[in-house]
Structure formats: C-alpha cells, structure tokens
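Examination of the molecular architecture
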Amino acid sequence: MTRSVPLFIEGRFVDSEASEWIDVTNPATDEVIARAPVTTDDEMARAIASAKAAQKDWAQVPVSDRARYVMRYQALLKEHHDDIARILAEETGKTFADAKGDVWRGIEVVEHAMGVPTHMLGETMEQVARNVDTTSWRHPLGVCAGITPFNFPAMIPLWMYPLAVACGNSFVLKPSEQDPLTPVRLAELWVEAGFPEGLLQVVHGRKEQVDTLLTHPDIKAISFVGSPTVGQHIYRTGTHHLKRVQCMVGAKNHTIVMPDANKEQALNALVGASCGAAGQRCMAISVAVFVGEETRGWVEDLKAAFEQIRPGSSDDPDAAFGPLISRGAKERVERILGTVEAEGGRLLLDGRGYEVSGYPDGYWVGPTLVDNVTAEMTCYQEEIFGPVLNVVHVDTLDDAIEFVNANAYGNGTSIFTDSGAAARKYRHETEVGQVGVNLPIPVPLPFFSFTGGKGSFYGDLHAYGKDAVRFYTETRTVIERWFESDIPDGHGPNMTINLG
Ligand code: NAD
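A brief look at the structure comes next. Everything numeric here is computed off the predicted structure, so don't read it as measured data. (Residues numbered from 1 in each chain as written. Predicted model: local features only at pLDDT ≥ 70, side-chain atom pairs only at ≥ 80, totals over all residues. Heavy atoms only, no water.)

As a further point, take the pairing of strand β17 (residues 388-394). Most of β17 is tucked away: 7 of the 7 residues are buried. Judged by which residues are buried, β17 turns out to be covered on both faces: Val388, Asn390, Val392 and Val394 on one side and Leu389, Val391 and His393 on the other are all buried. One ladder, built from 5 bridges, connects strand β14 (residues 285-291) with β17; its direction is parallel. Across the sheet, the residue bridging to Ala288 is Val391, located in β17. Relative to β17, strand β16 (residues 368-371) runs parallel, the two sharing 3 bridges. Considered in β17, the bridge of Val370 is made with Asn390. (Buried < 20%, exposed > 50% of the residue type's maximum accessible area, 1.4 Å probe, protein only. Helix = DSSP H or I, 4+ residues; strand = E, 2+ residues; numbered from the N terminus. Pairing = 2+ DSSP bridges.)

Right, here's the structure in full:
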C-alpha cells in the first residue's frame, strides 16, 4: 500500500482525516511513492492553536537555551545528512550529490541560527537627553508560517523555521505537496533534538491550506518561496490581513561573458549553472549574454561542453542532473522549446524527447542550448525552469546592462571578465539583487541575506541573515529617565515634547 505522509501537529506525527490526497511520485520512474493529505480545516485549526500555545512558554526560555536546542538540531542534521539526501533524491529526482548540497545549504542556515543570542542584540544609547537612556529590544512575533516550493525541500524550509523559532516564535510549515517527505524527515529530527512540543507544525495541501494561514488572525508573519503568480496572491492576501509578508519568487538570471573572460572557466560555469538540478533553481543561469564579435565563436565550444553532460537517475554517479519534478513540468518545458524556431531562435541542442536507459517513464529533458535569443521570444519571456540555456549576443557591456535591466526579474546575475573596471561597472549599474563576479551563481552564505530584488521579491526584509532576524522579530524601544537625588529642581512639570 502507498505510504501516507503524516501531519506533524500538536507535537505528534498523525495520519490525517483528509478525504483528498495528493500523489507524490518518483520523477525518474513515474511511480507513486507516497500520498500527501489535503489537511482538513479542523487539523489546520488545531495546528495553529497548538503553535500559539507553545509559543507563549517558549518566549520565556532564555535565548542561550534556545540556541542550544538549535545546536542539537544542527548536529542531528549533520549526522543524518546522507539519509535526508536519499529521501530528497527519491522524491525530487536530484542526483545524490546535488541532494546532499540541498541539505547542506540548509544546515548552514541552521548554523547561523545557533548564533541567535548575538543576532537578537538590540541597541542602546546613554544620555539621549539629560538623564535619559534609550534601549531597543527584539521581541518574537508569535506564530509565523512558511510556504515552500518543490525545488529545495530541505534548504528552503531550513531557511525559515530554525531561525524563526530561535528568535522565540513558533512556526507552521506548509511544504510543497510535490516533495513533502523530506520536510517530514526534518521534523522527525526536530523531535529528536528535544524542542518543546508544538513549536513546529507541518501541514500539507494546496491553496486552501495556504489561504487559512494567510487569513488566520493568530499567524503574524508569512515567509513564501515559489512562483510569481502565487507569490502575488500571498503578498496581497497576507498584507491585506495586516501580516508581515516576505515573498521570494521567480527569476531569469543572466551571465555576461566579456571577450576578456577566462573562456574555459566561463563556459564550464555556464554549463553547470544552467543545467544543474535540471535548471530547477531560482538562481539557475538561464541566459548567457555574449559581448562583442569575438565571443560569437565561443558558442560552438559551449555546445561541445553541453554535449559532455547528460541526465540520469540519482544513483548514477555520472549523471549531471536528474529528471524534472513532474510530467507537467516536462511538458511545459517542451511546449516552450516548441516555440523557439518559429520565433527566430536556433536550437543548437534540443533536449526534448530525451531517453534514459532503464527509466522509460522518467520526466527527462536533455541539455538544451538556444542561440540567437531576443527579448521578445517566449523562451526569454517565460521562466523555463528546465536544463535550458538561452544565448543572446550584444555589442558592448552597456548593451548587456541595458538588456539585463530591462528584465522584470532581479534575483541573480554574474559577469565573467578579467577587467576590474568592467566588473565594477556591472555590479554598480545592474539592478539585480545578487551579483557574481567570475562565479556563476551568487548565493550569499547565511550571515548575509538572500537579496533577490525587483520582480523576484515582494516585501522589505529578505530570507536569512540579519534581514530574517528583523523579519521574525519586532523592536520594542524603551526610553528611561532616572532622576538624580537633587531633582526635582523646583521648576514644576515640563510641558514640552523636548525631554532635555
Ligand atoms: P509554486 O508557486 O507552484 O508553489 C509554491 C508553494 O505555494 C507550494 O507550497 C504550493 O503548494 C503553494 N501554492 C501553489 N499554488 C497556490 C495558490 N494558488 N495559492 C496558495 N498557495 C499555492 O512554486 P513551485 O513550482 O513549487 O516552485 C518553483 C518556483 O519557485 C519558481 O518560480 C522559482 O523561481 C521559485 N523559487 C524562488 C526562489 C527565490 O528565492 N526567489 C527559490 C526557489 C524557488
């Protein structure tokens, strides 16, 4: 019988009373490996109530003790790194090495959360006026919620609840219905780490469950990562209900290749950054902008590099990447590729109809390289989320900057060049939130924040780093005056706003 994915509510793993279930498939085989419940209204209400009750006591736990729970969690995640990655690889199709990377990038955020006593320090100023001092404190918000996408089922949940809980909140997580087994494993280790009951709740489902979180009066803040259309709904609905909301959404990331770049480094970087994880990364490079006449000839070498890699199953050590997450995702990529030639592009390598021996039903798309792409084409306008690189040619760095800045998204970008001046000009003039110089995917480590911008982000404070601590806390400012023994000075009450 197919395994049912449990809810994690009220401190226990329970079978849902759901009447509707969602199949979870292995993308390499098309086999149903589990089914996730569409959480009932009653179960949603119980999860939120339990999170609310747990948070009251948790906020009284000293911050260094809260950090120690996180330390135990970090140790367990490291101990079980391989076993989490195996579950993740089965339900996402990622190669085992890539699945381990997904978990590792999450562990790094947990390590950052271990430093919560330092992160939560407020600010003080003595003598802001005569005998008056000011102190600001960081207070938890209450119950926070997270809604996460399919493409990083370990890393993205771990961006959220460890830090939110370390800051004194409780958390309700609604992971992607396409790969819920990894988050459930993360919750099992959470229990092993000994966190008090109720601080983390994991519910499953789709729009209705998310809408409950967006509208419930006891949810104070919403973290979302996913597609732009859903992100807009979440931002609008959440803020309409007067919640704090941060939404990390879609992307179209460009790499600029200058004629003075180290060619081999640049081309290798483009292969990995476009096809890694089958292109299903919000920081995947999906557009290469070649600058100048002399780089035109590099595209043939790029094609040769693309021909060296191939997809395969997660246990195939030579596979560069796995299948797409679902049949629907594969069909979508194939539909977009079907528009290329009619719209004037050249399909130098076409990954449609790719077959992997032994896996006839997998959702495969092979490495795909499209040349002569222009801004109007469908393959440029849409976020493809497949192992596809679009190649654009421009004459100058100024043209490249103009091209990138005209794009609605602003998650990540990079430039390959030997010129410090070109690199500086690019990082200064690009409107994108995360910029790499001679490296393809500029994802900051967790002591910085994940600062995607423009149409890739709705909100004010970003994921992890200092921004996330501010997102999951509110500032209380205390202004104190202590009278000296020779006060009052006989002048009577002060009737002005000036404290001095
Ligand atoms: P998605 O928007 O389809 O789903 C994300 C979450 O929203 C899931 O939990 C899903 O159940 C829920 N959801 C789906 N439809 C909903 C609706 N109508 N109302 C409320 N909730 C709904 O995204 P996905 O396909 O899982 O993930 C891929 C997308 O995520 C891409 O656009 C990618 O760029 C983006 N992404 C962005 C970042 C970033 O940091 N900017 C990181 C990873 C992924």
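Let us keep going from here.
What follows concerns the site of the ligand. Close to the ligand lie 29 residues; Lys174, Glu177, Ser227, Val249 and Glu383 are nearest. One nitrogen or oxygen atom from the side chain of Lys174 is found 2.7 Å from an oxygen atom belonging to the ligand. In isolation the ligand has 840 Å² of accessible area, and contact with the protein removes 87% of it. In this structure the site holding the ligand corresponds to the largest pocket. Among the elements of the structure, α6 (155-166), α8 (207-215), β11 (219-225) and α9 (228-240) are those that each provide at least two residues to the shell around the ligand. A per-element tally of the shell around the ligand places α9 first, with 3 residues. Tallied by class, the residues present in the shell around the ligand amount to 16 nonpolar, 9 polar and 4 charged. Viewed by domain, the shell around the ligand spans two of them, domain 1 (3-249 + 456-480) and domain 2 (253-437), each represented by three or more residues. (Near = heavy atom within 4 Å. Polar contact = N/O pair within 3.5 Å; in protein donor to acceptor, adjacent residues only side chain to side chain. Areas by Shrake-Rupley, 256 points an atom, 1.4 Å probe, with all protein chains shown as cover. 1 Å grid on protein atoms, 1.4 Å probe; cavity = no way out; pocket = protein on both sides within 12 Å on 5 of 7 lines; lining within 4 Å. Sits in = over half its atoms within 2 Å of the grid points. Nonpolar A, V, L, I, M, F, W, Y, C, P; charged D, E, K, R; others polar. Domains from an automatic or database assignment.)

On to the packing of helix α3 (residues 81-92) against helix α7 (residues 181-192), then. With their axes 8 Å apart at the nearest point, α3 and α7 run at an angle of 160 degrees to one another. Between α3 and α7, the interaxial angle falls into the category roughly antiparallel. At the point where α3 passes α7, the crossing takes the right-handed sense. Two secondary-structure elements touch here, α3 through Asp83, Ile84, Ile87, Leu88 and Glu91 and α7 through Leu181, Thr182, Pro183, Arg185, Leu186 and Leu189. (Axes fitted to C-alpha atoms, helices over the stretch in contact; angles between N-to-C directions. Parallel < 35°, antiparallel > 145°, perpendicular 65-115°, else oblique. Left-handed = near helix turned anticlockwise from the far one by under 90°. Contact = heavy atoms within 4.5 Å.)

Let's shift gears to empty space enclosed by the protein. One pass over the structure, following the stated rule, counts 4 cavities of 30 Å³ or more. In this structure, the largest cavity occupies an estimated 110 Å³ of space. As for the largest cavity, its lining consists of 15 residues, and the residues nearest its centre are Gly279, Ala284, Ser286, Glu383 and Phe385. Looking at the second largest cavity, its volume works out to about 70 Å³. Partitioned by chemical class, the residues of the lining of the second largest cavity number 5 nonpolar, 5 polar and 1 charged. Viewed by domain, the lining of the second largest cavity spans two of them, domain 1 (3-249 + 456-480) and domain 2 (253-437), each represented by three or more residues. (Points joined across faces, edges and corners; volume = space filled by probe spheres on them.)

Here we take up the environment of Val289. Examined against the element boundaries, Val289 turns out to sit in strand β14. For Val289, a relative accessible area of 0% corresponds to the buried category. Note: C-alpha distance between Val289 and Val391 (102 residues apart in sequence) is 6.1 Å. Once you skip the residues sitting within four places of it in the chain, Val289 turns out to touch His254, Thr255, Ile256, Val257, Val392, Val394, Ala400 and Phe403.

Another point: the nonpolar core. A general tendency of soluble globular proteins is for nonpolar side chains to be buried together. Of all hydrophobic cores here, the largest spans 61 residues; its most connected members are Tyr73, Trp159, Phe171 and Phe195. In contact with Phe195, not counting residues within four places along its chain, are Trp58, Tyr69, Val70, Tyr73, Val165 and Trp190. By size, the runner-up hydrophobic cluster in this structure holds 59 residues, among which are Val287, Phe290, Val365 and Tyr380. (Core = buried A, V, L, I, M, F, W, Y, C linked by side-chain atoms within 4.5 Å.)

What follows is about the packing of aromatic side chains. Enumeration according to the criterion identifies 20 aromatic pairs in this entry. Ring centres of Tyr161 and Trp190 lie 5.3 Å apart, and the angle between their planes is 80 degrees; this geometry places the pair in the edge-to-face category. Here the residue Tyr161 occupies a position in helix α6, and Trp190 occupies one in helix α7, the gap between them amounting to 29 residues. For the pair formed by Tyr161 and Trp190, the shared burial category is buried. (Phe/Tyr/Trp six-rings, centres within 6.5 Å; stacked < 30°, edge-to-face > 60°.)

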